[in-house]
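Listed here are the chains, written in short residue letters.
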Amino acid sequence: MDQQDEQQATISRITTGMPVIDSAGTTVGTVDLVQRGDPNAVTVQTPSADPGSSLDELIEATAVEEPDVPADLAARLLHTGYLKVSTDSAVGDVYVPADRIAAVADGRVLLAVGVADLPPEE
């Protein structure tokens, strides 16, 4: 089993509501969204505004989709899979790339990194 298969096997055992613990043992928050990786995911394109577009069309074109992070990171998350974690901190929600998940044990998601290394929702 290659690394990506292992990541997908791990992420498939995660459900919403599970507590997420970072590498320092600190509770980050709870899983809000589980997204398995899709190696064929389409890269996110930043919409270009047509100068003739109405404001409504522009707003619709830039509507927020998950994951709400910069396009290059969003593409990586869609390919590898990720968790969206609701936190109680001032940072707000954060994303956990599949390759940052150390283990799933005792009904908890254990991370290989600290909360400071996780990308926040924009």
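Presented here is an overview of the structure given in this document. In every chain, residue numbers begin from 1 and rise along the written sequence. In keeping with the predicted nature of the model, local features appear solely for residues at pLDDT of at least 70, side-chain atom pairs appear and are counted solely at 80 or more, and the whole-chain, interface and lining totals rest on all residues. Side-chain numbers come from the whole structure's heavy atoms, not from hydrogens or water.

**Section: the overall build of the protein**
Rules: What counts as a helix is a DSSP run of H or I of at least four residues, what counts as a strand is a run of E of at least two, and both are numbered from the N terminus. Relative accessibility under 20% of the residue-type maximum defines a buried residue, over 50% an exposed one, and the middle range a partly exposed one, all with a 1.4 Å probe and only protein chains included. Contacts are residue-level and defined by heavy atoms, with any inter-residue pair within 4.5 Å sufficient. All accessibility values rest on the Shrake-Rupley procedure with a 1.4 Å probe; residue burial counts only the protein chains present in the view.
When helices and strands are counted, the protein shows three helices and six strands. Mapped from its N terminus to its C terminus, the protein presents α and β elements in the order α-β-β-α-α-β-β-β-β. Within the span of the protein, comprising 122 residues, buried residues form 35% of the whole. Long-range pairs, those at least 24 residues apart, make up 60% of the contacts in the protein between residues at least 6 apart in sequence. Entry remark: accessible area of the protein is about 7,200 Å², with carbon and sulfur atoms responsible for 49%.

**Focus: the environment of Thr10**
Its place among the elements puts Thr10 in helix H1 (residues 3–11). Separated by 99 residues in sequence, Thr10 and Val109 place their C-alpha atoms 9.5 Å apart. Not counting residues within four places of it along the chain, the set of residues in contact with Thr10 comprises Ile101 and Val104.

**Observations concerning the sheet that holds strand S6 (residues 108–111)**
Rule in force here: Strands qualify as paired when DSSP identifies two bridges or more between them. Orientation is described by axes fitted as lines to C-alpha atoms, over the contacting stretch for helices, and by angles from 0 to 180 degrees between their N-to-C directions.
Spatially, S4-S3-S2-S1-S6-S5 is the arrangement adopted by the six strands of the open sheet, whose pairing is mixed. Either end of the sheet is taken by a strand with one partner, and the two such strands are strand S4 (94–97) and strand S5 (101–105). Neighbouring strand axes in the sheet, compared pairwise and without regard to direction, differ in orientation by 35° on average. Across three bridges, strand S1 (residues 19–21) lies against strand S2 (residues 27–36) in antiparallel orientation. Across the sheet, the residue bridging to Ile21 is Thr27, located in S2. H1 rests against S2, strand S3 (81–87) and S5 of the sheet, and its axis sits at about 115° to S2. Set on the sheet, helix H3 (residues 71–80) makes contact with S2, S3 and S4; between it and S3 the angle comes to about 110°.

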